[in-house]
Amino acid sequence: MAIASADNAAKRHPLAATVVLSIAGYAAVVGTFLGVVPRSLFPDLSLTAVNRLSDAIALVNAVNVLVIAAGVRWIRKGEVKKHATAMVTSFALILVFLVMYLTKIGGGGTKEFVGPTFVYYPYLAMLAIHIVLSIVAVPVVLYALVLGATHSPAELRAETPHRTVGRLAAGSWLLSLTLGVVTYLLLNHVFSWEYVEAAAATLLLIG
């Protein structure tokens, strides 16, 4: 990458850069859920628009699963440039997902799963794992990205834990994204749901 060989603050302090980026990401998501981020920043979405965004989010996540898997395969074969391209593409897809997700939550609402008990609890378990991994994986993914963006391949191998962190990041994000796609299919195409608008969803969270 262009800045990989340059000395800069992010290269000298990758953990600090990761913390700053992680806090910004968490603040955007939590602020949207709790209504701290003004609703006026988001378009007023109809249920149809929310459904289309849900479809688009699932598609982006499914593509990202393939991109990450390709990136893992390429680094195992020693194809560093292809691996780097895949990981940067994956991060871009994460940002696309985040924008669409916050727009859906902030301007529309959420859909609650309605289905038989024998499916409901496995669905909740998968959703919980998906959410927890999404939260926990953020700093791990960002740390791997910061290291990759600020160090040369030789520096990454000799001076950083990029290989270990990258494995954790790829594994956790792959599982999270996969479970997200599965729960999307169960919620939207296999069983039924009830719609909760953003304002009502916020009251449920803080009530």
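Residues numbered from 1 in each chain as written. Predicted model: local features only at pLDDT ≥ 70, side-chain atom pairs only at ≥ 80, totals over all residues. Heavy atoms only, no water.

A. Examining the overall build of the protein chain more closely. Along its length, the protein chain carries eight helices and two strands. The order of α-helices and β-strands along the protein chain, N terminus first, is α-α-α-α-β-α-α-α-β-α. Here the C-alpha atoms of the protein chain give a radius of gyration of 19 Å, agreeing with the 17 Å that 2.2 N^0.38 yields for 207 residues. Principal axes of the C-alpha set define a box for the protein chain whose edges measure 50 × 35 × 25 Å. In the protein chain, which comprises 207 residues, the share counted as buried stands at 39%. Across the protein chain, contacts joining residues at least 24 apart in sequence account for 82% of those joining residues at least 6 apart. Of the roughly 11600 Å² of accessible surface on the protein chain, a fraction of 72% belongs to carbon and sulfur atoms. (Helix = DSSP H or I, 4+ residues; strand = E, 2+ residues; numbered from the N terminus. Rg over C-alpha atoms; globule rule 2.2 N^0.38 Å. Buried < 20%, exposed > 50% of the residue type's maximum accessible area, 1.4 Å probe, protein only. Contact = heavy atoms within 4.5 Å. Areas by Shrake-Rupley, 256 points an atom, 1.4 Å probe, with all protein chains shown as cover.)

B. Quick look at the environment of aspartate 44. Mapped onto the secondary structure, aspartate 44 falls in the loop between α2 (14-34) and α3 (47-76). Given the relative accessible area of 69%, aspartate 44 is considered exposed. When residues no more than four places from it in sequence are discounted, the contact partners of aspartate 44 are Arg39 and Gly107.

C. Highlighting the nonpolar core. Among the nonpolar cores identified, the biggest contains 14 residues, and Ile68, Val141, Trp173 and Leu177 are the most heavily contacted of them. In terms of nonpolar packing, the next biggest core, distinct from the first, is built from ten residues, Val50, Leu53, Val60 and Ala86 among them. (Core = buried A, V, L, I, M, F, W, Y, C linked by side-chain atoms within 4.5 Å.)

D. Expanded view of the packing of α3 against helix α4 (residues 80-107). Direction vectors running N to C along α3 and α4 enclose 165°, while the axes themselves pass 9 Å from each other. In terms of their interaxial angle, α3 and α4 are classed as roughly antiparallel. Taken as a pair, α3 and α4 cross one another with a handedness that is left-handed. Its residues assigned to classes, the contact of α3 with α4 comprises 20 nonpolar, eight polar and two charged. (Axes fitted to C-alpha atoms, helices over the stretch in contact; angles between N-to-C directions. Parallel < 35°, antiparallel > 145°, perpendicular 65-115°, else oblique. Left-handed = near helix turned anticlockwise from the far one by under 90°. Nonpolar A, V, L, I, M, F, W, Y, C, P; charged D, E, K, R; others polar.)

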